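If you want the building blocks of each chain, they are given just below.
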Amino acid sequence: LFKNRPFEIDYRTNQVKPIAVILAVSVSQGVDLYMSFEKSVDQKKFCQFLRRLRKKYPDRKFCALQDNLNVHRSKQVTKLMAELNIPVVWNAPYSP
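Note that residues are indexed from 1 along each chain, following the sequence as it is written. Owing to the predicted nature of the model, reporting of local features is limited to residues with pLDDT of at least 70; listing and counting of side-chain atom pairs is limited to 80 or more, with chain, interface and lining totals taken over all residues. Excluding hydrogens and water, the side-chain values take into account all heavy atoms of the structure.

> Is there a simple way to think about the overall build of the chain in this case?
Elements are defined by DSSP. Helices are runs of H or I of four residues or more, strands are runs of E of two residues or more, and each kind is numbered from the N terminus. Counting its secondary structure elements, the chain contains three helices and six strands. The order of α-helices and β-strands along the chain, N terminus first, is β-β-β-β-α-β-α-α-β. The buried share of the chain, taken over its 96 residues, is 29%. Residue contacts are counted whenever heavy atoms from the two residues lie within 4.5 Å of one another. Within the chain, residue pairs in contact and separated by at least 24 positions form 39% of the contacts whose partners lie at least 6 positions apart. Summing over all exposed atoms, the chain offers an accessible surface of approximately 7,400 Å²; the carbon and sulfur share of this is 54%. Burial status follows relative accessibility: with a 1.4 Å probe on protein chains alone, a residue under 20% of its type maximum counts as buried, one over 50% as exposed, and anything between as partly exposed. Calculation of accessible area relied on Shrake-Rupley with a 1.4 Å probe; when residues are assessed, cover is drawn exclusively from the protein chains displayed.

> How should I be thinking about the packing of aromatic side chains in this particular structure?
The description of two aromatic rings rests on the distance between their centres and on the angle between their planes. Paired rings are identified among Phe, Tyr and Trp, the last through its six-membered ring, by centres lying within 6.5 Å, and are further divided according to the angle between planes into stacked (under 30 degrees), edge-to-face (over 60) and tilted (the rest). Evaluated as defined, the whole model comprises zero aromatic pairs. Seen from the ring of W90, R73 lies directly overhead, with NZ or CZ sitting 4.0 Å from the centre. A ring is considered to have a charge above it if a Lys NZ or an Arg CZ atom is located within 6 Å of its centre and within 35 degrees of its normal.

> Just checking my understanding: could you explain the nonpolar core for this structure?
Definition used in this section: a nonpolar core is a set of buried Ala, Val, Leu, Ile, Met, Phe, Trp, Tyr and Cys residues joined via side-chain atoms within 4.5 Å. Core analysis: the largest hydrophobic core is formed by 21 residues, its most contacted members being F46, F49, L50, L53, V77 and I86. Those elements giving two or more residues to this core turn out to be β3 (20-26), β4 (30-37), α1 (43-56) and α3 (75-83). Counting residues per element, this core draws most heavily on α1, at five residues. When near neighbours in sequence (up to four residues on either side) are disregarded, F46 contacts I22, V41, Q66, V71, H72 and V77.

Scope: geometric values only; no functional claims are made or implied.
Here is the structure:
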């Protein structure tokens, strides 16, 4: 996944460029679905990921483990998660 690093190196300038990654993990599949972006994940990108995940598993029950990122708590995202029937399990603040 991403050459085993969460960033890219521009070898012309030797600058490190971070990559934002959203992923779905399952016990049976490991990393099952992921999307990567050159910059941070906003509401639009996160909603796109959620729609893609639900499309891949239209009848399967699953939940989303999320932290306190503003995007995760936005009205747009919480509304979409309810529409897609994706319950949330909140990670405790400041935990890994």
